[in-house]
Amino acid sequence: MKDGTKIYYEDTGKGETILILHGLGSSHLKLLNFINEFRKESNFRCVCYDHRGHESSDKPKLHLNVQTLAQDLNELIEYLDLKDITIIGHSMGAATIFNYINQFGTSRLKRLVCVDMSPYLSNKGWKGGLAQGKWTNEDLMSDLDRIFDDIGYANWYISKESMNPELKKIPKDFEGPMIESIRSTSDPLVMAGFWFSLFRTDQRPYIKKINIPFLYIMPDFPLYSMETVNFYKENITGKFVLENKFPKTTHLILMEKPHEVAESIKKFMKSN
């Protein structure tokens, strides 16, 4: 990247271009089963990468914000000369795409797939933000406290309180190893920087710039409410499609139902 950060990417296959962006704290490896749903077919060129601060990419101490993620995306697209892209963003990956469209437009994009993400995580002034409108800005400040105190516990707390309530049923004896696993693979600066940027950056004004077909993937237990979905439906200038029949799924839907989500995307591609 222009600031010297090295980004790990994979570019496989030939055919229609699929570009997959993972969410905060995730990676291309965690989405591998989903990615392989496209790789196993001969008619797709499948590109995926790790955001800065994640997995096999560099872990910089600067430029940890959504605006820079969008610039990284643009540099990768230009470096590989990608065109007519079906771009798929999960969570922070979708936020990256919104910011990319604001900065660089849609000329290289053909379709957009957004997986359970809001254009504005704060619930100040609306109820389309985190935890179906329930997460407050004070909750954000508490999140940042937890992240800098213990990244493992912070991720676990945010996951069970907002992303997957079923985690609350896990016996206390099993929490320790799970928290330690998160702690050993996470960077508190990266998590805090992007978490803050996602809350601070109101991307709702950018949604009107989406003039290409837009598919919204909504899990059974979504992180964001129908207010978010309706906002997209009313404000994008391209065609809007909602897919929400994925039983017993959460924000981690791409890991929980990789085949089913991929089939929905392929169906969307054939008709748009």
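Draft legend 1. Focus on the overall build of the protein. When you go through the protein residue by residue, the secondary structure sums to eleven helices and seven strands. Looking at the protein as a whole, 55% of its 272 residues qualify as buried. A fraction of 78% describes how many contacts in the protein between residues 6 or more apart in sequence connect residues 24 or more apart. Summing over all exposed atoms, the protein offers an accessible surface of approximately 12100 Å²; the carbon and sulfur share of this is 51%. Within the protein, the 35 negative side-chain charges are centred at a point lying 5 Å from the centre of the 35 positive side-chain charges.

Draft legend 2. Examining the layout of surface pockets more closely. By volume, the largest pocket is sized at about 1000 Å³. Around the largest pocket, the lining comprises 43 residues; the ones closest to its centre are L24, G25, S26, K30 and N155. Mapped by element, the contributors of at least two residues to the lining of the largest pocket are α6 (151–163), α7 (172–185), α8 (188–200) and α10 (253–256). Here the element with the most residues in the lining of the largest pocket is α6; it accounts for six residues. Size it by volume and the second largest pocket reaches roughly 200 Å³. In terms of lining residues, the second largest pocket is bounded by A131, Q132, K134, W135, E161, S162, M163, P165, F221 and P222.

Draft legend 3. A look at the pattern of salt bridges. For the coordinates displayed, the defined rule picks out 16 salt bridges. Here K40 ties to E37 by a salt bridge, and the two come within 3.2 Å at their closest N and O atoms. Here the residues in one salt-bridge network are D3, R52 and D72, joined through shared partners.

Draft legend 4. Quick look at empty space enclosed by the protein. Under the defined criterion, the tally for this structure stands at one cavity of 30 Å³ or more. Size it by volume and the largest cavity reaches roughly 30 Å³. For the largest cavity, the full set of lining residues is V66, A95, M117, S118, P119, L121, L198, T201 and Q203. Taken together, the residues of the lining of the largest cavity break down into six nonpolar, three polar and no charged.

Draft legend 5. Region of interest: helix α9 (residues 226–235). Turning to α9, its buried residues number three or more, namely T228, V229, F231, Y232 and N235. End-on, the buried residues of α9 take up no more than an arc of 160°, which puts them together on one face. For α9, exposure combined with an orientation more than 90 degrees from the buried face picks out K233 and E234. Contacts from the buried residues of α9 go to α3 (92–104), β5 (109–115), β6 (214–217) and β7 (240–243).

Draft legend 6. Broad picture of the packing of aromatic side chains. Under the counting rule described, the total for this entry stands at eleven aromatic pairs. Geometrically, the ring pair formed by W195 and F199 is edge-to-face, given 5.5 Å between the ring centres and 70° between the ring planes. Here W195 pairs with F199, and both are found in helix α8, just four residues apart, close to one helical turn. Summarising the burial analysis for this pair, W195 and F199 share the class buried. An angle of 40° between the planes, with centres 5.0 Å apart, marks the rings of F214 and Y232 as tilted. Placement of F214 in strand β6 and of Y232 in helix α9 is noted, with a sequence separation of 18 residues between them. As far as burial versus exposure is concerned, F214 and Y232 are alike and both buried. Taken together, the ring pairs in this structure connect F98, F214, Y216, Y232 and F240 into an aromatic cluster. The ring of Y157 has R146 sitting right over it, with the charged end atom 3.7 Å from the ring centre.

Draft legend 7. Quick peek at the nonpolar core. Ranked by size, the top nonpolar core spans 61 residues in total, and within it L19 and F214 carry the most contacts. Once you skip the residues sitting within four places of it in the chain, F214 turns out to touch F98, L112, C114, Y232, I236, K239, F240, V241 and F268. Of all hydrophobic cores here, the second largest spans 23 residues; its members include I88, I217, L254 and F268.

Draft legend 8. Structural view of the pairing of strand β4 (residues 85–90). With six of its six residues buried, β4 lies for the most part within the structure. Side chains I85, I87 and G89 project from β4 onto one buried face, and the interleaved T86, I88 and H90 project onto a second face that is buried too. Where strand β2 (residues 16–21) meets β4, four bridges bridge the pair, whose relative direction is parallel. Bridging across to β4, L19 finds its partner in I87. Two strands pair when backbone bridges link them, and β4 and β5 are joined in this way by six bridges, in the parallel orientation. Bridging from a neighbouring strand, I87 pairs with L112 of β5. For the handedness criterion, the β-α-β arrangement of β4, α3 and β5 is classed as right-handed.

Parameters and conventions
- Residues numbered from 1 in each chain as written.
- Predicted model: local features only at pLDDT ≥ 70, side-chain atom pairs only at ≥ 80, totals over all residues.
- Heavy atoms only, no water.
- Helix = DSSP H or I, 4+ residues; strand = E, 2+ residues; numbered from the N terminus.
- Buried < 20%, exposed > 50% of the residue type's maximum accessible area, 1.4 Å probe, protein only.
- Contact = heavy atoms within 4.5 Å.
- Areas by Shrake-Rupley, 256 points an atom, 1.4 Å probe, with all protein chains shown as cover.
- Lys, Arg positive; Asp, Glu negative; His and termini not counted.
- Charge placed at Lys NZ, Arg CZ, Asp CG, Glu CD.
- 1 Å grid on protein atoms, 1.4 Å probe; cavity = no way out; pocket = protein on both sides within 12 Å on 5 of 7 lines; lining within 4 Å.
- Points joined across faces, edges and corners; volume = space filled by probe spheres on them.
- Salt bridge = Lys/Arg side-chain N within 4 Å of Asp/Glu carboxyl O.
- Nonpolar A, V, L, I, M, F, W, Y, C, P; charged D, E, K, R; others polar.
- Arc of directions from axis to C-beta.
- Phe/Tyr/Trp six-rings, centres within 6.5 Å; stacked < 30°, edge-to-face > 60°.
- Lys NZ or Arg CZ within 6 Å of the ring centre and 35° of its normal.
- Core = buried A, V, L, I, M, F, W, Y, C linked by side-chain atoms within 4.5 Å.
- Pairing = 2+ DSSP bridges.
- Right-handed = clockwise from strand over helix to strand, strands pointing away.

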